[in-house]
Every structure is written in structure tokens, then in C-alpha cells.
Amino acid sequence: MACLLETPIRMSVLSEVTASSRHYVDRLFDPDPQKVLQGVIDMKNAVIGNNKQKANLIVLGAVPRLLYLLQQETSTTELKTECAVVLGSLAMGTENNVKSLLDCHIIPALLQGLLSPDLKFIEACLRCLRTIFTSPVTPEELLYTGPDHQTILFNHGAVQNIAHLLTSLSYKVRMQALKCFSVLAFENPQVSMTLVNVLVDGELLPQIFVKMLQRDKPIEMQLTSAKCLTYMCRAGAIRTDDNCIVLKTLPCLVRMCSKERLLEERVEGAETLAYLIEPDVELQRIASITDHLIAMLADYFKYPSSVSAITDIKRLDHDLKHAHELRQAAFKLYASLGANDEDIRKKIIETENMMDRIVTGLSESSVKVRLAAVRCLHSLSRSVQQLRTSFQDHAVWKPLMKVLQNAPDEILVVASSMLCNLLLEFSPSKEPILESGAVELLCGLTQSENPALRVNGIWALMNMAFQAEQKIKADILRSLSTEQLFRLLSDSDLNVLMKTLGLLRNLLSTRPHIDKIMSTHGKQIMQAVTLILEGEHNIEVKEQTLCILANIADGTTAKDLIMTNDDILQKIKYYMGHSHVKLQLAAMFCISNLIWNEEEGSQERQDKLRDMGIVDILHKLSQSPDSNLCDKAKTALQQYLA
Amino acid sequence: MFNKGQNLLLVSTRRETQMIHLQPGQHSQTLSLKKNKKNLFLISRTYSASLCSQLLKRLRQENHLNLGSGGCSELRSCHCTPAWATERNPVSKIKIIIKCNHPCTGVSPAALWLLRQGRAGSPPPAVGGVWRPRVAGRGFLSTGRPLPGSKSAGARRGGHQQLRGPRREVQLLATWGPQDTCAREDPWRPPPCSLKHRTDPRPGHGKTPKDAASVRATHPIPAACGIYYFEVKIVSKGRDGYMGIGLSAQGVNMNRLPGWDKHSYGYHGDDGHSFCSSGTGQPYGPTFTTGDVIGCCVNLINNTCFYTKNGHSLGIAFTDLPPNLYPTVGLQTPGEVVDANFGQHPFVFDIEDYMREWRTKIQAQIDRFPIGDREGEWQTMIQKMVSSYLVHHGYCATAEAFARSTDQTVLEELASIKNRQRIQKLVLAGRMGEAIETTQQLYPSLLERNPNLLFTLKVRQFIEMVNGTDSEVRCLGGRSPKSQDSYPVSPRPFSSPSMSPSHGMNIHNLASGKGSTAHFSGFESCSNGVISNKAHQSYCHSNKHQSSNLNVPELNSINMSRSQQVNNFTSNDVDMETDHYSNGVGETSSNGFLNGSSKHDHEMEDCDTEMEVDSSQLRRQLCGGSQAAIERMIHFGRELQAMSEQLRRDCGKNTANKKMLKDAFSLLAYSDPWNSPVGNQLDPIQREPVCSALNSAILETHNLPKQPPLALAMGQATQCLGLMARSGIGSCAFATVEDYLH
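Residues numbered from 1 in each chain as written. Chains lettered and ligands numbered in written order. Predicted model: local features only at pLDDT ≥ 70, side-chain atom pairs only at ≥ 80, totals over all residues. Heavy atoms only, no water.

As recorded by an unreviewed UniProt entry, chain A carries the name Armadillo repeat-containing protein 8 and is attributed to Callithrix jacchus. UniProt lists a comment for chain A under the heading Function (unreviewed entry), and it reads "Component of the CTLH E3 ubiquitin-protein ligase complex that selectively accepts ubiquitin from UBE2H and mediates ubiquitination and subsequent proteasomal degradation of the transcription factor HBP1." (UniProt positions renumbered as here; feature names shortened; annotations may be inferred.)

In C-alpha cells:
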């Protein structure tokens, strides 16, 4: 919006000065290459040290043309070099200039330029790149776009070449080499595995990193080498129980979280530690007892402090800048700490005002903080006790439902996954969540493109349907629609399929519900069941499906849907003789339910099944080595005797 | 498969699940024991459903929690058996043992201090607390016997070799004077190597706090060690694991766990709470039990304490600790056994790293100390200090160059410096007569106003006559005195005799053919050893140069063996190193080296002279062996005696002078004065104090300071550190003046 408002004013000013500037730009389009070159050179001389001129040229669209000339194969090297120089000059101006250059995708063009055989051109490109990357507005990710670049560097022998720099006498060189390794090793098993075995002056790289972790080393160095070791550990190159992780890296990172460190260091320390301990419960336990980490993290929420606001404007500004970062880092670390261990979760929640802080975090403006808060809450929601107590006390569901509205996917994934936990049968939040329209929301999620969201949506519905009232079940079925249900049953994601079957099972429980649902959706459900039993699916899927059949067989009127479907009966018979005990057992349940004595029409059913040869199979199964199966078969046979 | 257990677990409270041990394969019958109302409620609810509901339970077991990325495993571990099945081992005979490290191998600072005091054979200091039996009549306290001396010596060596953690303390302790020791030491006790405590086997013993008992080190943690650390391994948690590890002041009731009383601090294993002089604990860390190693670190710089568990720091437990706390361990229930490690074994926690951090911190604090610099004032002051130092010792060329490059003015005239230098050279060359004469010429009234100084110089002259070096006897000995310039002597910067290495004397003796090894007992500091090595090189070199009659290869071989010996001394004697530290700042390696080499050059001349005289017999003779010289010496002695009497009449009795004279005359009582009990007077090193006194006196007449400000500043810094150590300011442990002298 601001930009739009600004334009007219700018235009009026520009109209006076642009005349000369336009001349420069126009010359770039001259058909004569020689004149173009001269034009670029003139432009170079015109823009040096002249911010206004730079801005004018950018507004007049010089950048795309210069980039075009720079990339054009037909351009002479001289012209390319001059273009790079001019671009470098433009980058020297205001931050807005750099932004405009970035918007024109200057980086790939300049990087491409580095492949040129001409040294002068390379130099010009490098200068320009340096100017751009030293600007605060340039995101670093533009250069390091991930595994591809890591691999390229790795294949060109970066590891060996950088390794020896670690022993350089100059602190700066050592530090840069260290930083380089941390970037190279990040989520890259190939690089990490190599790093573990690299020798520098007879010492293995991890040992060198450990030395750089020592407490008398500069903080920056400690932190970066801890990062290197963390990344190598997460990439699987160092075991999580290795002393260099347990006794060196972890304590070092905890120290980085202490109050004595700078805010930036604390953020980085907490984030790295969260990443390190995320998958390993033992590391989580150690971290949780180290230096009162959990209490230490509570301080992350005290910025800006009330003192700083009054006394020092500069500090207030600094605090404000980092407040979000601090909070999200603390949430992340809490999430990692509480991922697996109940005691740790309890400790976190018992930390002063923690639940309030998380709940507040859920509605913060910063996406990063919200995401981290949801993560943290999700981690804590794995505790049954907490679900029943603190989650209820703080009405966590309220802000959570808010977060779920219009949130970006990454937040939705975590938030919906947490919703699954909150919808568990024993969770007191279940009721209010239902009342606030969760069914619609979750059904919407099942239609998402993102498989993770589909799984979470259907999973939550499954949990919701467990031992639910008839009304809720009907709501679910209505909102989801049978079409969607069938679509999910043919979903490519196995998880989605399994949870959908689970939902069906939960829907089809207790006799009145079974009959009610089967009376309305019986046909489709039977179709789906048949389809799955005939399809190529793994044992678990088939078992779930048979369980659904068993549930249907438990209904009063629903039974008939099976009894009148010979195809299904044959299938049940087939699975009774299946080689897999789980499937046999599940089929057995169907039969038991069908022939149960005290129910109406049991005699006819028994007869029909006997005719099908079920009794023979039951006799056979009563000799089964599996005691469970054997018992069930005997009970079933007794039904015939009674 | 389809049992109720899974359901039960779902509703069981966390308290229960904490209590249960996982035991795969066990089935749910044990669980039914743990039914509570809620469980039963659920069971009835689920049971009302038909078979399909049983299936549902299965489903539910799977769906009860969304595992998300990490997973929620503990709720799934469904098979369980109560924990009490594995505990409650009825203990019939109860016995509490505290195993202490061998007292003498422990490197607790107190221990080392004691070792230094030569009391190692007697009571050991490490953990020497005494179990005070609660139940009278039952015997406990088995105390070890005092150690035989030989054994303790061995143990002492062991202790040094194993020295790990508190190495720093050791060094620091070495700087203490005896006045620093704890005046409040417990009365000396026999050395209990291992303490055994048998408690009353009555049932219920250990249930109440009254059954607690603590053991405490005999010596408090000295503040000057900066950072103190010890570890305790829980060998067995005994019946209930009511163990406390911590600190207590002297006089605290030892029948209670540490932390419960005033001036007592503890971390308890049963609840993981910290007790800060209070019966109620604060939540602090995890609980600890059998197999855990608990460390306790006292930071005497900021007076805090933190604990470690299995090598992991648990964070600050106490702040504002009082001084003079003793490491303390307390146990309450039968069967509790702990092992203490005061550094005789490697620590689990990386205490070295922690100390590194603090050393860096303190040094940064020193480096950043605000000096209130007003435009170059600080720099000017430093330049002045350097300049005055150079001038003081007469390095006139250097002083001149330095003054030029820093725009300083030299306070003293160049000529005056040169004069002083000339006199100093003469004194250090042993040519006292000439020195006195020159002084009288250049500073006419100086010696008249300082009769005591003159007397000192004269006594020295007498000694040099005996030595055969004084110019008067040299002339008589038929040798022409060497020109002054051939004595390239530089003065020693400090005058303390204790700082003078004794190698000069050794070389002297070597030249006279005596066995050299005996003299090495005099070596006190390792740095001296190094110096003398260097000196040997120059020695041999100049020997060749002067083509003396002495058999060079032979001499070299002697030198070789000697230097090896020196090396031996330097490499393995830690004790001596500590002695070296106690000497304080005065001696820096660079200075030492400089002095060493220069002195040897000078020594060379000495030896050279000797050799000229005694080339055949390699034996020193009185006054260079000349009869005339001896007569001259005797005559001079009489004059000296007269002067002494005159001095006594004029200025009153002076015991120092009297003793000086007596010692000097004693030389004549021996046929071989050099190897006599008073022979050390002949050592050229003894010229230095005389030289220094003369130099100071001359400077005083010019209204210049007796001591260079640089030396004064260093001396003051050293004194300050000593004072800090005595006042219990722990940061002195990580600051030494040597660190700043390169």
C-alpha cells in the first residue's frame, strides 16, 4: 500500500530529472553493440557516488536490460564486465536498490557469470555479489539453497580444502572455516560422514571441534563448533551417546542459553539444542537437568523487560527486535525437551506461567512464534495427565481453534496434529472443540492437497468418533459426505486409508449406532468393504476392514446386510482359513457376532453358515495352536450347541 | 491381545505409571491389582459393549494419541509389574561405610599444603572427618594407623603424578605462607583411611533424621584455590538412599545430613532438593542413586556452588557461601555406601574446562580494567617505568635508544649511568679495591656518609682477596689485571639472594675439579636448570676459544652429565617447582637467562684465572697462591678489624657488621675455604647484594629511587595477590604476575 501512495509523488520529481537518465537507458537498446558498450561505460561514470541517479536508472528499468546484456552470449566480455560493474555500483546505493536488484533475480545471473573464463568479468561479478550479500536486506538462503550446493561444494573438495584452514593462525580464518563446515554438514549425511574421518594435523575433525568448544574460546567459536557437531550428529555421523555430544556439545549449547549470553547467541543456542535433542529421549533427559535449562528458558519471555523500557531506549529497541526470536526459540526447545518424557513435560508446565505464555504465543502476530508455540503445545499434549489438567484449565482449545483458521500449512499440520490429541475420548477439551465447529474444519482438512493434513484431519475425526454420541457421528458423516469417505478409502497415502478405516470402525460401534448408520449408508459401506477386501492391501488394512465387518455384524438389523451378501460371507470364510492369525481372528469375530445365540434370528444365521461349511472350519480352528483363536472358536461352537 | 490392560493403562495416572517398571511379556494380571475406581468404571463401561467393543479397545489403544513426529511411547508400554517386587530386600545387618581416598594421595589443597609442610607422615587431611556414632556402645570408627614415612613418601609422589583437576590449587597453595593456613583447623586426628560405621540393626533404624550422620574433611576449602571440586560416587543407595552431599562450616552438628543446619549446605539424593541451611529443601535437581557420580564445585570467586550428576552440571545451587567450608557427606539409612574422589582419579565432570572459563574471565577482567587514561598518560607512564628500569641498572645504550624513540628524557645524565655501570662491573668481577677507589673518585662523599656501606664493601674486598680475585692480590700474584672491558658483566635486576641460582658456584667448583653433583642439591627452581644449560654452552665455547690447558672434551663430558642432571631435576620435581613459585615475581625466565649467561661469561674469566694458576693441580689456593698476596690479605684483615672497632665506637654496635666480619675471617680457618661451611661467601653470586646496595646508595645521592618503579610495581602486585589469598578472595587463583611477564 505504501508503495502505491508513494508513486505519484516520486513520478513528479522524476519527470524533471529523468530526462538525462532516460538517455542512458535508451542507449542500452542501441542496435550497434559498440554504442551499447559506450553507453554502459557512460552510465557507469554517471552513477558512481550518485544515489539519485542510481534510483532513477532503476526506476527506468535499466536493471533488466543490464542483466540481459550480461547474460547474452553474443555480448562481448568487455560489455559483460561493464554491465557487472554498473550493477555493482547500483548495489552500493540504498537498501532499496539492493531489493530491486534482488527482485530482478540478479544472483543467478551473477553466479552464472562466475563460470566465465575471463578473470576481469569474474572479479566484477564477485564484487557485485559481495556488495549484495553484505547488505542486510539480502537473505543468505539465496546463496545456499540446500543440498545441491552442499554436494557441489563437496564434490569439488571443499572439505579437504577448508579443513586445513581450521588450524590457521588467524582467528577470522578459523571462524569462517568453521562456519563453512556448519553449513556443509547441515542435514547432509554424505558430508557429515566424511567430516568425521577427516584428519587435520593428525587430529580428527570432531576432536578439533571439541577443542573449539572449550569454555575459554570465544563464544562465537563455541557456538559454531557446537552447531557443526550437532549437524553431524543429526546427519547420523556421530552417535547420540558419543561423549563429544553428551558431555561437550550439549552442555555447551545449554550454556549458550544462559542469561550471560547475548540475545542472538541465546536464540541460536536454543534452536540448535532443540534440533540436537529432538529425536533422542536420553539427550532430552540430560538437557532437562543441565543447568536448570527449563527455568533458564523462562527468562526468554522477559523481553523487553520493564526496566529496559524505562531506562534505555536503545536497549528497548534491541530487546523488541529479539523478543520474537527469543520466544520462538524457547518454544522450540520446550517442544524438543517435552517430546517424549512425561516428567519433563510436567516440569515444563510447572514452570512459572508457562501455559499462559504458550497460549499467548498461539495468537501472536509472528508466524514463527505461533508455529513454535503450537509445536510446543503439541509436544506437551502427548501427556494424558496434562490433557486432563493444565490444558483444560487454560482452555487451550480456544486459541488453538483460532490458529486453525486460515493458518499457513506448516502451522496447520502441527495444530491439527495437536487437535487429534485434544479430541481423545478422555480429553475434557473434546466437548468445547466439537461445539466450536471442529467437524467442519476437520472435514475440510481431509480434502487438502497436503497428505500430512489429510492424515491429521481424518485422524482427528477418528478420535472424535470414538465412543461418541449418535449426533456427533451423524454430524461427521454428514459433513464428510460418503463421496469424500470413499475418496479417502482410495487415498494413495496408507496412513490416510488406515485412519479412514479406523473412523469407520469408530462410527460403527454400539448397536443402535450401527443399525442407524447402516440403514442409511449400508450399501456404500458394504461396497467399500468388498472393494478393500478384494484389493491389494497389506495385512493391517485387511484386518481393519474385517473388524469393520465384525462391527456391522454386531448390529441388529445391520447383520442382514452381511447375511444377504454371499460374496461377503465367502470372503469371511476365506479369511477364517487365512494363514495370518490376525486375519483369522478378525474373521472369527464376524462369525461370532453373526451366530450369537440370544439374538433374534440367530438360528437361521447359524444354519446358513453351517451350510457354508463354517462349522467345519470352527472345529478346525478349535485345534489351533493360537490360544486366543482356539478359545473364540470353542465359544462359537458352543453357540451352536445351545 | 485383547485384554483390558491397555485400557487400564490409559486411565492410570502418571503417578502410577512412574512407579511401574516395564517388563515385556508380563500380562495384565498384575494390573488388575492396581484397579482404582476410575479403572473399574471404565471396565464396566467397556464391558457392557459386545465383542465389537473389544475390538474397539484395540483400535483405541492404537489411536489414543497422535504420535506426530516424535511419538509417545511411554503410554504404549503396557505391560507392567509393580516396582516393589524388586526392592525391599530385608537388611539384617546394617553397615555404613565411607570409603575415602588414601589421604595422602588426595590432592585436596589442604593435603598438599600439609605435604609441603613436611607433615605428610602424620595426619592426612583429605576426608578425615569422624563418624560420631549415634548409638553409643556400638563400635564404629575404625581408624587407620599413621602411615610409615616411606609409604607416605610413595603416596606423595603418586599424588603428584595423578594430579589432575586441582592442579591450579596446588600451584596456588604453594604461594601461601604458613600464616595462611587455617587457624581453625580441627585438632589433629589419627588418619582414618577408611571409615566404617555400623548402625544399629534394630528395625526402623534410619527412618528418622536422628539416624543421620555426616563425615567432613578435616580442612576447609582454601579460598585461594579459586575453584574447588570433588566427586562422590554412590556405590550403594542402601535402603532408602537418604544421602546428602555438600559443605558445612566447622562446628556444624555432624549427626545430621548436610544442609539442615546453619552454615551447612547439601544436595539430597532421595528428593533431589537442595538444602541451604534449612530443614526444608528447594527443588534443585534430579534424584540420585546407586551408580551415580555426584560432583560438588565451589566457586570461591563468586562464592557459589553447583553440583554435577554423571558429568552434567546441574546449575547453581547456593550463592553467597561463607568462607572456610568443609566438603561433607551425610548418610542416613543402612547400606548406603559412597566413594569420594578428591582428584586421585579422573573426574567425570570436565572441571578443567570450567576452570579455563574462569581463568579467561579473570584475565579479561584484568585486561579490561579501566585505567582512566587521559590522552596518552598511561602510555607515558609505562614508558617512564621501562626507561627508569633501564637507567637504574645502567643499560645506558638501551636506555638512550628507548628514550629517543619514545621522546622521553632520561632523568640521569649519561655519564653518570656509565659511571655506575663501571663500578658495578668492578664489583661483580670481584675487583673490590678498584670498585671502592672508583666510587671514592666519582662520588667523593658517598662512602664517607655511609660508613656501614663502606665496611660492607671492604669485607667483600677481603673475601675477594681470599678468593684471589681482588686486584690488589692479583697484582701480587704476578698477573696483570685484566682491563675492565673484558668483564662483560651486567647487573642483576633484583637483589634477593634467594633468587640467585647456584650454578655459578657449581661451575666454579667444577673448574676446581670437584665432583659437581653434590652441589645440585642447591637447585631450587626449574627455570634455573634451563638457564644453566644454556650457560654451559657458552662456557664450553669460550673454553675452546681461550684454548685453556684444561682438557676440553673432559670438561664437556662433565658438563654433559651435569646438564642431564639438571634436566632430571627440572622434569620430575614438582615440589621444587612449587618452591620456585614461592619465590614470587622477582625471577623471570628472561631475566634469569640473561643473568645466567652473563654471569657465566664472567665466570669464565674466573675459571680462566684459576686455571692459569692451578693448571697442574686444578686446585684453588688462598689468594691465588701467592705468598705476598696472603700477607697483603692478612694486613688488610687487620685494617678491617680496626675499621670495625672504629665503626662500633662511632655508630654503636652493629650485629650485622659483626657477623659479616666474623664470617669473612672464618674463611681463613679452613685449608680449603671453598669447600668449607662458610665457603658460600666466595660464591660470585654474593657480590650481587653488595653491588646492588652500592648502586642504590649512589642513586640515592642523585635523588633517584633506590628501586626501579617497575620492580616496585611488580612487588606490589605480588603482595596484593598474597593479600587476596589471605583474605579469601578466590579470583587470585587465576591471576599471577608471571602471566604478564613474558
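Student: Help me understand the overall build of chain A in this model?
Tutor: Each helix and strand counted, chain A has 41 helices and two strands in total. Residues classed as buried in chain A amount to 56% of the 642 residues present. A separation of at least 24 residues holds for 66% of the contacts in chain A among residues at least 6 apart in sequence. Accessible surface computed for chain A: about 28,600 Å², of which carbon and sulfur atoms make up 54%. (Helix = DSSP H or I, 4+ residues; strand = E, 2+ residues; numbered from the N terminus. Buried < 20%, exposed > 50% of the residue type's maximum accessible area, 1.4 Å probe, protein only. Contact = heavy atoms within 4.5 Å. Areas by Shrake-Rupley, 256 points an atom, 1.4 Å probe, with all protein chains shown as cover.)

Student: Looking at this structure, how should I read a positive patch on the surface?
Tutor: Residue and element names in this part refer to chain B. On the surface, Arg648, Arg649, Lys653, Lys658 and Lys662 cluster together to form a positively charged patch. Among the secondary structure elements, those contributing two or more residues to the positive patch are helix H22 (627-651) and helix H23 (655-666). For Lys658, a relative accessible area of 56% corresponds to the exposed category. (Patch = residues over 30% accessible without salt bridge, like charges linked within 9 Å, V, L, I, M, F, W, Y side chains within 5 Å. Salt bridge = Lys/Arg side-chain N within 4 Å of Asp/Glu carboxyl O. Lys, Arg positive; Asp, Glu negative; His and termini not counted. Charge placed at Lys NZ, Arg CZ, Asp CG, Glu CD.)

Student: Explain the sheet that holds strand S8 (residues 264-268) of chain B to me, please; I cannot follow it from the model alone.
Tutor: In a beta sheet, neighbouring strands are held together by backbone hydrogen bonds and run either parallel or antiparallel to one another. Residue and element names in this part refer to chain B. Taken together, the six strands give an open sheet; going across it, the order is S5-S14-S7-S8-S9-S10, and neighbouring strands pair in antiparallel fashion. The two strands at the open ends of the sheet, each matched to only one other strand, are strand S5 (213-216) and strand S10 (282-283). Bridge count between strand S7 (residues 243-249) and S8: five bridges; the pairing is antiparallel. Counted as the bridge partner of Ser248 is Ser264 from S8. (Pairing = 2+ DSSP bridges.)

Student: Got a minute to help me understand the side chain of A:Ser168 in this structure?
Tutor: Residue and element names in this part refer to chain A. Its place among the elements puts Ser168 in the loop between helix H10 (158-163) and helix H11 (171-185). Only 3.0 Å separates the side chain of Ser168 from the backbone nitrogen of Ser170, close enough to count as a polar contact. Excluding residues within four positions of it along the chain, Ser168 makes contact with Val173 and Arg174. (Polar contact = N/O pair within 3.5 Å; in protein donor to acceptor, adjacent residues only side chain to side chain.)

Student: Looking at this structure, how should I read the nonpolar core?
Tutor: Side chains of a nonpolar character, in soluble globular proteins, are inclined to be buried together. Counting residues in each nonpolar core, the largest one holds 188 residues, and the members touching the most others are A:Phe181, A:Leu337 and A:Leu549. By residue number, the principal contributor to this core is helix H38 (residues 581-595) of chain A, which donates 10 residues. Excluding residues within four positions of it along the chain, A:Phe181 makes contact with A:Val159, A:Ile162, A:Ala163, A:Leu166, A:Leu195, A:Leu205, A:Phe209 and A:Cys228. Within the second largest apolar cluster, 54 residues are counted, among which are B:Cys305, B:Ala340, B:Phe347 and B:Trp358. (Core = buried A, V, L, I, M, F, W, Y, C linked by side-chain atoms within 4.5 Å.)

Student: So what exactly am I meant to see when it comes to the pairing of strand S11 (residues 293-299) of chain B here?
Tutor: Within a regular strand, the side chains alternate between the two sheet faces. All names here are of chain B. Most of S11 is tucked away: seven of the seven residues are buried. Burial along S11 is two-sided: the residues Val293, Gly295, Cys297 and Asn299 and Ile294, Cys296 and Val298 are all buried. By the bridge criterion, seven bridges tie strand S6 (residues 227-237) to S11 in an arrangement that is antiparallel. Following the sheet pairing, Val232 is matched in S11 by Ile294. Hairpin connection between S11 and strand S12 (residues 304-309): a loop of four residues separates the two successive antiparallel strands, and Asn303 in this loop has a positive phi of roughly 55 degrees.

Student: Can you walk me through unusual backbone geometry in this structure?
Tutor: Peptide bonds are trans in most cases, and residues, glycine excluded, mostly fall at negative phi. Of note in this structure, A:Glu187 is not a glycine but carries a positive phi near 50 degrees. Tracing the chain through its elements places A:Glu187 in the loop between H11 and helix H12 (189-196). Owing to a relative accessible area of 52%, A:Glu187 belongs among the exposed residues under this scheme. Its identity is not glycine, yet B:Asn324 carries a phi of approximately 55 degrees, on the positive side. One can find B:Asn324 in the loop between strand S13 (312-318) and strand S14 (325-331). The exposure class assigned to B:Asn324 is partly exposed, which follows from its relative accessible area of 30%.

Student: How should I be thinking about the pairing of S14(B) in this particular structure?
Tutor: All names here are of chain B. When you tally the buried positions in S14, you get seven out of seven residues, the bulk of the element. For S5 and S14, the ladder comprises four bridges, and the chain directions are antiparallel. Bridged to Ser214 within S14 is Gly330. Note that S7 and S14 share seven bridges and pair antiparallel. Its bridge partner lying in S14, Leu247 is registered against Pro327.

Student: Looking at this structure, I do not really get the pattern of salt bridges. What am I missing?
Tutor: Residue and element names in this part refer to chain A. All told, the structure shown has 43 salt bridges over all chains when counted by the stated rule. Its salt-bridge partner being Glu278, residue Arg234 comes within 3.2 Å of it at the nearest N-O pair. With Arg234 in helix H14 (residues 219-234) and Glu278 in the loop between helix H16 (263-277) and helix H17 (281-289), this pair connects stretches of sequence that are 44 residues apart. Since its relative accessible area comes to 36%, Glu278 is described here as partly exposed. The residue Lys302 makes a salt bridge to Asp299 at a minimum N-O spacing of 3.2 Å.

Student: Can you walk me through helix H5 (residues 77-91) of chain A in this structure?
Tutor: The periodicity of an α-helix, 3.6 residues per turn, causes residues three or four places apart in sequence to face the same way. Residue and element names in this part refer to chain A. Over its 15 residues, H5 extends 21 Å from the first C-alpha to the last, a length consistent with the 21 Å expected when each residue adds 1.5 Å. When you tally the buried positions in H5, you get 12 out of 15 residues, the bulk of the element. Residues of H5 that are buried sit in contact with helix H2 (33-47), helix H3 (51-59), helix H4 (62-71), helix H6 (95-103), helix H7 (106-113) and helix H8 (119-134). (Expected span 1.5 Å × (residues − 1).)

Student: Explain the UniProt feature "repeat: ARM" (unreviewed entry) in chain A here, please?
Tutor: The UniProt feature table records "repeat: ARM" (unreviewed entry) at residues 61-97 of chain A. Segment residues 61-97 of chain A splits into 76% helix and 0% strand. End C-alpha atoms: 12 Å apart.

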